[in-house]
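# Descriptive analysis of the structure
Chain by chain, the residues run as shown.
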Amino acid sequence: MSATTSLLAQVTLSMLDLVSTRSGHTQLDAMNESVALAQHVEQLGFERFWLAEHHNIEGINSSATSVLIGHISGHTQRIRVGSGGIMLPNHPPLVVAEQFGTLATLYPNRIDLGLGRAPGTDQATMRALHRRPQDAEHFPEQVQELQQLLGPNQHGQQLRAIPGTDTHVPIWLLGSSLFSAQLAAKMGLPYAFASHFAPRMLVEAVQLYKDNFCPSSALAKPYVMITVPVVVAESEQEAKRLATTGQQKILSLFRGHSLTLKPPLDSMDGHWLPHEQQGVEQFLAASAIGSPAQVSTKLNALLAQTGADEIMVTSDIYEPSARHHSLSLLAELAKN
């Protein structure tokens, strides 16, 4: 076994899901497919299954994130289920503490709380959520308030999350910029970088986090997760075909269209303009797409660059069976 190969075998694998609707299928189908996906990666030995908060985006059904976390937790046995993430400025910290305190009470030692500060939506929906653009400025104070609400009851404390107090739900900070890296380091919290859609600052943000990390009661040393779009198939040609579903999704995002997943194409030629192709490829630059050997090479290179402790996979593959197979191949790579 080479040193390069061994990197992938040393890290934890996890899954991020947006509960995507496939064209020709229903929202309930998407939710049922997410349950089956969580059960599959649990059997493969994945550590976590996270869901992301998005609003008013056709094709993405993870808006009621805590509800789905409870549903999936109830249909799995071991895997940790959590948010990747809850957009904290959209919610009062007390409400988040009560929701996740309830989840942690129902499913002890299985719930994670990943936090972001982006709105996860458009301007009109921000207003509907009663969120103002400046609310993100209070994110550090909101995280501290949430930590207090999920921690032990303090003498004279008037505000408590019931359930929530003393549940100590693990808090992660998520981000795609240097701000979140600095804050996670300062607060001594685990850090997850969104390289699945914002790969440009990955290496710089991770290094900044590690260089400035302050040990805390939550974490003694830095812990980094990177999120990576992965498509593994028996051949490079088949993997590239399957990956066109994700490429079409990002193209639809750029064009302001529905993000409902579309069946794969033999080629994207003729489906995008040159500048659109460039934009999509930059957006997905951290992707690992190809045969098992090719995906292993790409993931090991990312691990060598970042020193990440965990890879969280995204998988926009149209057919559930093909997605499950891709993840099974990935799990096999991580064993070797």
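Refer to the structure above for everything that follows.
Below is a summary of the structure that appears in this document. (Residues numbered from 1 in each chain as written. Predicted model: local features only at pLDDT ≥ 70, side-chain atom pairs only at ≥ 80, totals over all residues. Heavy atoms only, no water.)

### A closer look at the nonpolar core
Within soluble globular proteins, side chains that are nonpolar tend to cluster in buried spots. Judged by nonpolar contacts, the single largest core of 72 residues is most densely connected at Leu113, Leu115, Leu299 and Ile311. With six residues, the top contributor of residues to this core is helix H12 (residues 320–335). Contacts of Ile311, omitting those with residues within four sequence positions, involve Leu8, Val11, Thr12, Leu13, Ser14, Ile226, Val228, Leu299 and Leu303. (Core = buried A, V, L, I, M, F, W, Y, C linked by side-chain atoms within 4.5 Å. Buried < 20%, exposed > 50% of the residue type's maximum accessible area, 1.4 Å probe, protein only. Helix = DSSP H or I, 4+ residues; strand = E, 2+ residues; numbered from the N terminus. Contact = heavy atoms within 4.5 Å.)

### Topic: the layout of surface pockets
Its boundaries defined by the atoms lining it, the second largest pocket holds a volume of some 600 Å³. What lines the second largest pocket is a set of 24 residues, among which Gln147, Val169, Leu189, Ser217 and Ala218 lie closest to the centre. Of all the secondary structure elements, the ones that give two or more residues to the lining of the second largest pocket are helix H6 (139–150) and strand E5 (171–175). In terms of residue count, H6 provides more of the lining of the second largest pocket than any other element does, three residues in total. Residue composition of the lining of the second largest pocket, grouped by class: 12 nonpolar, eight polar and four charged. (1 Å grid on protein atoms, 1.4 Å probe; cavity = no way out; pocket = protein on both sides within 12 Å on 5 of 7 lines; lining within 4 Å. Points joined across faces, edges and corners; volume = space filled by probe spheres on them. Nonpolar A, V, L, I, M, F, W, Y, C, P; charged D, E, K, R; others polar.)

### What about unusual backbone geometry?
In this model, Gly84 is joined to Gly85 through a cis peptide bond whose omega is 5°. With respect to the helices, strands and loops of the structure, Gly85 is situated in strand E3 (residues 80–87). The peptide bond linking Ile162 to Pro163 adopts the cis configuration, its omega dihedral lying at -5°. One non-glycine residue, Asn109, lies in the positive phi region at around 60°. For Asn109, the location among the structural elements is in the loop between helix H4 (93–106) and strand E4 (111–116).

### Looking at H12
With 16 residues, H12 ought to run about 22 Å at 1.5 Å a step, and its terminal C-alpha atoms sit 23 Å apart, in line with that. Those residues of H12 that fall on the buried side of the exposure criterion are Pro320, Arg323, His324, Ser326, Leu327, Leu329, Leu330, Ala331, Leu333 and Ala334. (Expected span 1.5 Å × (residues − 1).)

### Here's the deal with empty space enclosed by the protein
Going through the model one piece at a time under the given rule, you end up with one cavity of 30 Å³ or more. Size it by volume and the largest cavity reaches roughly 60 Å³. If you go around the largest cavity, the residues you meet are Asp17, Val19, Ser20, Arg22, Ala30, Glu33, Ser34, Leu261 and Arg323. A per-element tally of the lining of the largest cavity places helix H2 (residues 27–43) first, with three residues. By residue class, the composition of the lining of the largest cavity is three nonpolar, two polar and four charged.

### Some remarks on helix H3 (residues 65–74)
In terms of residue burial, H3 counts as a mostly covered element, since seven of its 10 residues are buried. All of the buried residues along H3 are Thr65, Ser66, Leu68, Ile69, Gly70, Ile72 and Ser73. The secondary structure elements touched by the buried residues of H3 are H2, strand E2 (48–51), E3, H4 and E4.

### Thoughts on the pattern of salt bridges
Under the criterion given, the structure shown has 11 salt bridges. Ionic pairing is found between Asp17 and Arg323, a salt bridge with its closest N-O pair at 3.9 Å. In this pair, Asp17 sits in strand E1 (residues 12–17) while Arg323 sits in helix H12, placing the two residues 306 residues apart along the sequence. Overall, the relative accessible area of 8% leaves Arg323 in the buried class. Glu310 is the salt-bridge partner of Arg48, the closest N and O atoms lying 2.7 Å from each other. Here Arg48, found in strand E2, pairs with Glu310, found in strand E9 (residues 310–314); they are 262 residues apart in sequence, far enough to count as distant. An identical accessibility class is assigned to Arg48 and Glu310; each is buried. (Salt bridge = Lys/Arg side-chain N within 4 Å of Asp/Glu carboxyl O.)

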